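Each chain, letter by letter, is given below.
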Amino acid sequence: MQAKAQPEASPLEPDRGRLKIFLGGTPGAGKTYAMLREAHELVVHAHDVVVGYVETYNRPRTVELLAGLEVIPRVRVPYRGTVLEEMDLEAVLRRKPEIALVDELAHTNVPGLRHEKRWEDVEDLRAAGIGVITTVNVQHVESVKDLVEKVTGIVVRETVPDKELDGADEIQFIDITPEALRKRMRHGNIYAREKVETALANFFRPQNLAAMRQIGLRLVADSMARSHHVLASPEDVLVAVSCDSSSEDLIRRGARLARRLGGSCMVVTVRAESPNEAELERLRALAAQLGSSFAVLGGSDVAAAVVQAARDSSIEHVVVGEMVRSTQFSRLRPSVVDRIIDGLPGSDVHVIAKLVQ
Amino acid sequence: MRILRQISAETRRRVLFRVYLGYARGVGATTAMLDEARRRRSRGTDVVAAAYRVHGEPGQALRDLEVVGAGLSHPDHRSLDVEAVLARNPEVVCIDDLADVDMAGRPRIESVARLLAAGTTVLATLHLLSVKSMATAYATMRGGAPLGALIDDTALEAIDELELIDITPADLLQRLREQRVLSPAELAVALQRELRLNVLDAMRESAFRLIAEHADRQLVGYMRESGVTVPWEVVGRIVLGIPVQRGLENRIRRTASYAQIQDAKFSVVSVRTRRQSDEEKEWMGAYAALTHQLGGDFVHLHGRSAARALVDYVHETLATEVILGHRRRSRWIPGDTTSEVIRRLSGVDVHILRTESPGA
C-alpha cells in the first residue's frame, strides 16, 4: 500500500518540464513582451529563469525588459557564407535552469544543429525537467495554416504541430485589436518607420489582422471546450482522402472538426487509389502532426471501403472531398459520394468543397 | 487610392471607445487600461482617470496619472462624476468597470455617449459577468447574487475595440493569493463559487467567444469594404435546406447546436415548388417559430427546382456550408436533390445529417 504513494519519478528521470505558450493572434501583439514581464515576476519570486533565446527585433520596450535576466549566449552557426545565431540547446541543458524562455516556437533551425525545429529543442528541454515559456503566432499552428493562407493570401512556411499546443500546460492568448496594432505600428514600436506604411498596406491590413485574431480566438476557445467537455458526448471524425492536391485541406478540416466535437480524427485512404508511396508518407506525417491517426484500407471499391471503416468504428462524422464535377453522362449513376452517403445513414457526411483559388 | 482613403479615415477618427474585457476579478483589466493611459500620456496626450477601484497602493497603481476632481491625490476608489470630466474636457478618460454606477446612481456606460460626443476617447474595463446574457448563463454555476448592475448585450455594439485580457486560471488563482485583490474572507467564499477551476475555465471560454463574436462584426465590415466575395470559413454561415415534410424539428435543433459549436450563424430555407396544403403551411409556420427561437433566420423561397433555388440562395448569401437531411428514398435516383445540390454548388461544403434513430 505504501509503495503506491511513492514520489512520481525516479531521480534519474526528472519530471517533465511544464510548457507555457503565449499565443498571439497577430505578429506584434506583444507576446515576447508578455513573456519577459512574466520572467521578471518569476525572478522576483525567486525562480531560476534564463533566456534561452529571445528575439527582440530591437523593439525598445522589449530590449529594455531583457535587462536583468540571465541570457545564455547563442550558438553561432556558419551557413552559406554567413553566420546565423541560434539557441545553444546544449548550453541551456548544461545550465539546467528551472525555467527557460524560448521565443518563436515555430522557428526552423539552421541545418547542422541537433534538431530541425525549435519545438523539438523545447521538447528536449522539457524532457530534461526544464520548464519552458515560449511564444507562437496563430498563423504558425498547423491545423489552421490553410485557413490563414486562404483568408490573408499569405504563404505560411513554418508550422508547429497541434500536438505541441495540446501538450502545453498553459496557453495564454495575447489579444490586440486590429486598429490598436496598426496604431502601435505607426508609433514605430514594431517596425522601423520606413517599413511601416508598406507593412500596413500589405500584411497588416485590417482585414488580415481581424481574420487572424478571429482564428486565434476560436482556436483557443475550441481547445478549452475540449478540455472541459462542454459537449454531452464527444463525436469522432473519419476523413477519406485520395492523395490528390485537396487531401491536405481535407485532413486539416477533419482535425478542426474533431477538435470542436471533442472527438478523435482518423484519416483513411484506399490502397487502390494511392499508388504513390512518397505522397502517402507526406499525408501520414501531416495527420500525425495534427494528432490524427492514419490508415490505408485494402480493396478497390473506395465507397465500400470507406463505408465499412466508418461502420466498424461507429464514426459519427465522415469527411470526404467533392469529386470532380460530373458530365451529363455520369449523372445517370451515383457518384462515390452518393454511395458513401447512402451507405452511412447513421453518420453525418461532410462533402468538402474544393478550394476556390 | 483605397489605402489613402483608409488611412485618412483612421487619422480623422481620433475619438474612440476601447474596452478591456476580463473574465474574472483580478485578471488585470484595470492594470491594462491604466498602462495604456500612461503610454498615451508619455506621448503627450491629455489623459485623466475618472472612475476606478484599485487594490494595493493607489499611488503606485495610478502613478503619473491625474485623477479628475482629486488633483494629484489618489484615493483607492472613485465614482464617475461625468459633469466634472466634461468640464475638465481631457483627450482621453479612463473609466473602470462600465457596469458600476456613477454618482447619480446610473450605470457608468450611460455616460460614455456624452463623453464620446464631446470628443473624448474612452478607455474602460468590463467584467464578463456584468454582461446581461453572461450573468444569466452563469447565475447558477457561480452561485450568489449578480455582481451588481448589469449592462445590456446590445450596449457592446457601441464599443469600437473590445480587447480580451487573458490569463490562465492557474495563474489567476496564484495572483489572487499573492496580491490580495480580495480579502482572505472574500477569497475563501469566492473559491467555492466563481473561482472554482471549472467555472473559471468556462468563463474564460465564454470571454473568448464573446470577443470573437464582437470581432466578427468588424471582420465582416472589413470584408465588405475590400469587396471580398468568396465564402470564408472563419465567419461561418450555415444554411439548412428542408423539404416540405413533418417532424423536422430535431433536424433544425441539430443544425442550431452544430452552428453553435462552429460559432456560425444559421438559416433554415424551405423551397416552395408547388401550392402547399394548409397542413403543410402549418408545419412551415412551426419550423419558422422554432428556428427564430433558436436564433436562426427562416427563409421561404419559390422555384421549380428545390435544388436550383437552394443553390442560388447559397451563392447569393455567401454561405459556407449547406446542411441537408438524408434522402427519403433508400436508393439513389438520377436528379435526386442531394446529388443535385452537391453537383451544382462550387466552393461550399455540403453536410448530410445522419438519420435519427427512432425515439431520439
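Every value quoted in this text rests on a predicted model; they were computed, and no experiment measured them. (Residues numbered from 1 in each chain as written. Chains lettered and ligands numbered in written order. Predicted model: local features only at pLDDT ≥ 70, side-chain atom pairs only at ≥ 80, totals over all residues. Heavy atoms only, no water.)

**Quick word on the overall build of chain B**
The line we're drawing: Labels follow the DSSP assignment, with helices taken as runs of H or I lasting at least four residues and strands as runs of E lasting at least two, numbered in each case from the N terminus. Burial status follows relative accessibility: with a 1.4 Å probe on protein chains alone, a residue under 20% of its type maximum counts as buried, one over 50% as exposed, and anything between as partly exposed. Contacts between residues were defined by any pair of non-hydrogen atoms, one from each residue, lying within 4.5 Å. Where accessible areas are quoted, they stem from the Shrake-Rupley method and a 1.4 Å probe; at the residue level, only the protein chains shown are allowed to cover.
Counting secondary structure elements, chain B contains 13 helices and 12 strands. Across the 360 residues in chain B, those meeting the buried criterion constitute 52%. Taking contacts inside chain B between residues at least 6 apart in sequence as the whole, the part at least 24 apart equals 72%. On chain B, roughly 16800 Å² of surface is accessible, and the fraction owed to carbon and sulfur atoms is 50%.

**So, helix 13 (residues 337-344) of chain B**
In an α-helix there are 3.6 residues to a turn, and that puts residues three or four apart on one side. The buried fraction of helix 13 of chain B amounts to 6 of the 8 residues, a majority that puts the element mostly inside the structure. Three or more residues of helix 13 of chain B are buried, namely B:Thr338, B:Ser339, B:Glu340, B:Val341, B:Ile342 and B:Arg343. Against the buried residues of helix 13 of chain B lie helix 13 (336-343) and strand 13 (348-352) of chain A together with helix 12 (306-316), strand 11 (321-324) and strand 12 (349-352) of chain B.

**Here we look at the confidence of the model for chain B**
Put simply, the rule reads: On a scale of 0 to 100, pLDDT captures the predictor's confidence in every residue.
The pLDDT averaged across chain B works out to 82; a share of 87% of its residues lies at or above 70. Under the prediction, the complex receives an ipTM of 0.72, its pTM being 0.76.

**Side note on the interface of chain A and chain B**
The line we're drawing: Summed over both partners, buried area is the accessible surface (1.4 Å probe) that two parts give up on being assembled. A pair is scored as a salt bridge if a Lys or Arg side-chain nitrogen falls within 4 Å of a carboxyl oxygen belonging to Asp or Glu. A 3.5 Å cut-off defines polar contacts: any pair of N or O atoms within that distance qualifies, except that in protein one atom must be a possible hydrogen donor and the other a possible acceptor, and neighbouring residues in sequence count only when both atoms are side-chain atoms. Residues are grouped as follows: nonpolar covers Ala, Val, Leu, Ile, Met, Phe, Trp, Tyr, Cys and Pro; charged covers Asp, Glu, Lys and Arg; every other residue, Gly included, is treated as polar. A pair of strands is treated as paired once DSSP finds two or more bridges between them.
Listed by partner, the interface residues are 73 residues for chain A and 65 residues for chain B. Buried surface at the junction of chain A and chain B, summed over both partners, amounts to about 6100 Å²; 48% is from carbon and sulfur atoms. Joining chain A to chain B, the criterion identifies 6 salt bridges. When the shortest N-O distance is used, the salt bridge between B:Asp171 and A:Lys20 registers 2.4 Å. For the pair chain A and chain B, the number of links is 23 residue pairs in polar contact (both at pLDDT 80 or more). For the side of chain A that touches chain B, the leading source of residues is helix 9 (residues 206-227) of chain A, giving 14 residues. Residue classes in the side of chain A that touches chain B are distributed as 32 nonpolar, 13 polar and 28 charged. With 3 bridges joining them, strand 13 of chain A and strand 12 of chain B adopt antiparallel strand pairing. When the bridges of strand 12 of chain B are listed, A:Val349 appears paired with B:Ile352.

**Regarding the pairing of strand 6 (residues 99-102) of chain A**
All names here are of chain A. What you see with strand 6 is no split at all: Ile-99 and Leu-101 on one side and Ala-100 and Val-102 on the other are buried throughout. Here strand 2 (residues 49-53) pairs with strand 6 via 4 bridges, running parallel. When the bridges of strand 6 are listed, Val-49 appears paired with Ile-99.

**Let's talk about the confidence of the model for chain A**
All names here are of chain A. Residues of chain A with pLDDT of at least 70 account for 89%, and the chain-wide mean is 85. Counting interchain partners and residues more than four positions distant, the pLDDT-below-50 stretch residues 1-10 has 2 contacts. When the criterion is pLDDT under 50, residues 324-329 qualifies, and its contacts beyond four places in sequence or with other chains add up to 7 contacts.

**What about the side chain of A:Gln172?**
Of note, A:Gln172 is situated in strand 8 (residues 170-174). Given a relative accessible area of 10%, A:Gln172 falls into the buried group.

**Observations concerning unusual backbone geometry**
Residue and element names in this part refer to chain A. Although it is not a glycine, Ala-46 adopts a positive phi angle of roughly 65°. Note that Ala-46 resides in the loop between helix 1 (31-44) and strand 2. At Ser-314, a residue that is not glycine, the phi angle is positive and equals roughly 45°. When you line up the elements, Ser-314 lands in the loop between helix 12 (302-312) and strand 12 (317-321). The exposed category is assigned to Ser-314, whose relative accessible area is 53%.

**Regarding the side chain of B:Asp349**
Structurally, B:Asp349 is set in strand 12. Note on B:Asp349: relative accessible area 7%, which makes it buried. Once residues within four sequence positions are removed from consideration, B:Asp349 is found in contact with A:Arg253, A:Val351, A:Ile352, A:Ala353, B:Thr320, B:Glu321 and B:Val322.

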